[in-house]
Structure formats: structure tokens, C-alpha cells
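Architecture and fold: a report
These are the residues of each chain, in order.
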Amino acid sequence: MPRIKPPPNLPQLVKTAFNKARESGDLIYYPTEVTLLNVNSIPFQLRFSPSLANKPKAPPPSSTPGKKQPFNPFANPSASLLISPLPPSHNLVLNKFAVVPEHFILSTKEFAKQTDLLGEQDLEAAHACIRAYAGEGRELFVFFNSGEHSGASQPHRHLQMLDVGNMREGLPEENGWEVLADGLAGGERQGRKVPFWTAGRRVEEGWSGRELWRCYLELYRRACRKMGVEVEGQSDGEARISYNLAMTRGAMVICPRVSEGGSVRGEGGEEVGWLALNGTVLAGTALVKSRREWDALRRDPSQVAEVLERIGVTAVEEAERSDEEDVSG
């Protein structure tokens, strides 16, 4: 089967589509303030977007027969947000509500459940986009949210893509921030510093969709075992845990989730908000929408570490085996 090929000059295509949709009002960009917090000696981005609190909310799903179902932005993406089809089975679509410039999405053309396990074509298409950015000297961070505790918000299967250069927007030069997932693959020491457990592996240059899929399944099964869930070689159907997946050019990481976030406390110990985390936590970033949350977390960064400890399985000191299964066969 021929390999999936993104359109030529993908980064410029995304940039042009983003600027055009923003100018026409078909896309809303929410600027942010940013600071770096020290979490277990890891530089961790905290961003604040006050206007994001006013983002339009989709109506809840209706259980009444005959009632109109919620709008699905990926079923028939508007021409203004569609970057390009990605044959044979996906589309590249702009995120209508962007916090990071040029945030775009890989979605399936036909409806597939966000809670089902990813397939070979999902992973091959995502990594093809990563390679396309690398070919232009750019770095792409890909993440996937699955399950009730993962930060997922749409039932139609989609992976989200962020240009790492744009993720650095607002940071000073020589700031020390790097994509966290790259340090969580293969048992590096940084993987022992994060407050939550992850399963990660290095991704080899030139891996096929089948090899990427085998790697993903092994990480998923390791995460299930860590959660005490027996999957008995599951390779399709609905995932039995909530999790986030992150991919970069050289890494794949899964974080099993038990909670979407945790409360934020003010100076007097009162609750002032809630820190919710999705797959961008595997990049080492978090986002808040209120000034009280922003002020509280900057004043007491230990609260971020406390929330990170609660969202998944507590990290263990012993290194995880990174070569449990040969995915290249």
C-alpha cells in the first residue's frame, strides 16, 4: 500500500489557511500571556487567555428522540477551515478556536469514535505530517485525547497538531522549555521527574504505519496493565482506559488518565478555579482562563505539580522497560 503523503509545503499551506480564516472571521484566535513554572526541575508553560472564558459552548448531547444532534465540525468541514484532504481517509482542518497560532487537526473523513483505538492510517497520517514539517525545518507536536478523563471534547476521531515554534510564542530566548514528550520516551531520566507515570518509546525514522501502530498498541497495553486493566491483546474497539497520546518526530508517549484536572486554591486556601489538562500536558503546557487561577498558580507553582499527581498514575522511580516488544518486525 502506498504511503500517505501530505500536500506539498504543508507548513505554508497551514499558515496561509489560518491567516485567511482569521481575517474573514471564520476562525477565532485567543492571544495568551505566558510564564514558565518549575515543576520538579522541569520548565513547564502556563498560559492565560482571559477571552477564552467567553468561547461559545456547544449544547449538550440530547437524549430525546428526534432532537437535533450537536454540530460535528469534522463531518463536513467548512471550506474556510478545510486545509486539504489527506487521502485516503482523513482531512486536515483548522481548529476554529485557536490558542496557538496555526493549530490544526487531522480528522477522519467518515465518522470514527474518538474512544476507539487508533488505526494504522491514523498514526501513519499523523507521522506523515510530522515528517512534512521536519522537511521544512519545523517541529510538530501531535496529541490525542481519548476518554472521559482525557480532556476530549468531540466524539469524532481527530488528532491535534501544533507547530512547536508557535508554542514558544511569548517565551524569552534561552528559556529552557522543550517538548516534554521527547524526554519521556525510552526511559530517559526526565521521565522519572514528572509527577505522573507514562509509557514511551523512541520512534525510528522511516517506520511504516504498521510499525507505528504496533508501537502504539504496546504502549496502550502497558498503560492498561499499569491501571490494572487486562486487555488480552486488544487491537481495536473501544479503549478500556482514558489516556492522552503524544507524538513527535522521534517519540511516542501515552499517559493513562484518572482525572481531567484539579482545583486551584487562592492565597487563603479558598478554591478559585479548576486546572483542566488535555494532551498538551505531554508537551509541558497548561492553560487557564481566569485571572484568579493565573495569579494563584504563579504565586504557588507547587499546585501545578499537585494537579499533575492527580491526573494519572503516580510516577515510580524504577525505569520502565522500553524494549518489551520489537515493533519493527
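For the structure, see preceding data.
Residues numbered from 1 in each chain as written. Predicted model: local features only at pLDDT ≥ 70, side-chain atom pairs only at ≥ 80, totals over all residues. Heavy atoms only, no water.

**Points about the overall build of the protein**
A tally of helices and strands in the protein yields 6 helices and 15 strands. Buried residues in the protein amount to 51% of all 329 residues. Once local pairs closer than 6 in sequence are excluded, the contacts in the protein between residues at least 24 apart make up 68%. (Helix = DSSP H or I, 4+ residues; strand = E, 2+ residues; numbered from the N terminus. Buried < 20%, exposed > 50% of the residue type's maximum accessible area, 1.4 Å probe, protein only. Contact = heavy atoms within 4.5 Å.)

**Some thoughts on helix α6 (residues 302-311)**
Those residues of α6 that fall on the buried side of the exposure criterion are Gln 303, Val 304, Ala 305, Val 307, Leu 308 and Ile 311. Turning to α6, the residues buried within the fold contact β2 (33-39), β3 (42-48), β12 (251-257), β13 (261-265), β14 (271-276) and α5 (291-299).

**Examining the pairing of strand β5 (residues 90-94)**
The buried fraction of β5 amounts to 5 of the 5 residues, a majority that puts the element mostly inside the structure. If you look at the hairpin formed by strand β4 (residues 82-86) and β5, you'll find 3 residues sitting between the two strands. With 5 bridges connecting them, β5 and strand β7 (residues 104-108) associate as antiparallel partners. What sits directly across from His 90, in β7, is Thr 108. (Pairing = 2+ DSSP bridges.)

**Some points on the pattern of salt bridges**
This structure, assessed with the given rule, holds 13 salt bridges. A salt bridge links Asp 163 to Arg 138, with the nearest nitrogen and oxygen atoms 2.5 Å apart. Of the two residues, Asp 163 is situated in strand β9 (residues 158-163) and Arg 138 in the loop between α2 (120-135) and β8 (140-146); the sequence distance between them amounts to 25 residues. Given the relative accessible area of 2%, Asp 163 is considered buried. Note on Arg 138: relative accessible area 33%, which makes it partly exposed. (Salt bridge = Lys/Arg side-chain N within 4 Å of Asp/Glu carboxyl O.)

**Focus: α2**
Since there are 3.6 residues in each turn of an α-helix, residues three or four apart along the chain are aligned in direction. The terminal C-alpha atoms of α2, which comprises 16 residues, lie 22 Å apart, in line with the 22 Å expected from a rise of 1.5 Å per residue. Looking only at α2, the buried set comprises Asp 122, Leu 123, Glu 124, Ala 125, Ala 126, His 127, Ala 128, Cys 129, Ile 130, Tyr 133 and Ala 134. Remark: Gly 137 follows α2 within two positions and exhibits a positive phi of approximately 75°. (Expected span 1.5 Å × (residues − 1).)

**A short note on the environment of Asn 166**
Relative to the assigned elements, Asn 166 resides in helix α3 (residues 164-167). Taking the C-alpha atoms as reference points, Asn 166 and His 103, separated by 63 residues in sequence, lie 9.0 Å from one another. In contact with Asn 166, not counting residues within four places along its chain, are Val 100, Pro 101 and Glu 102.

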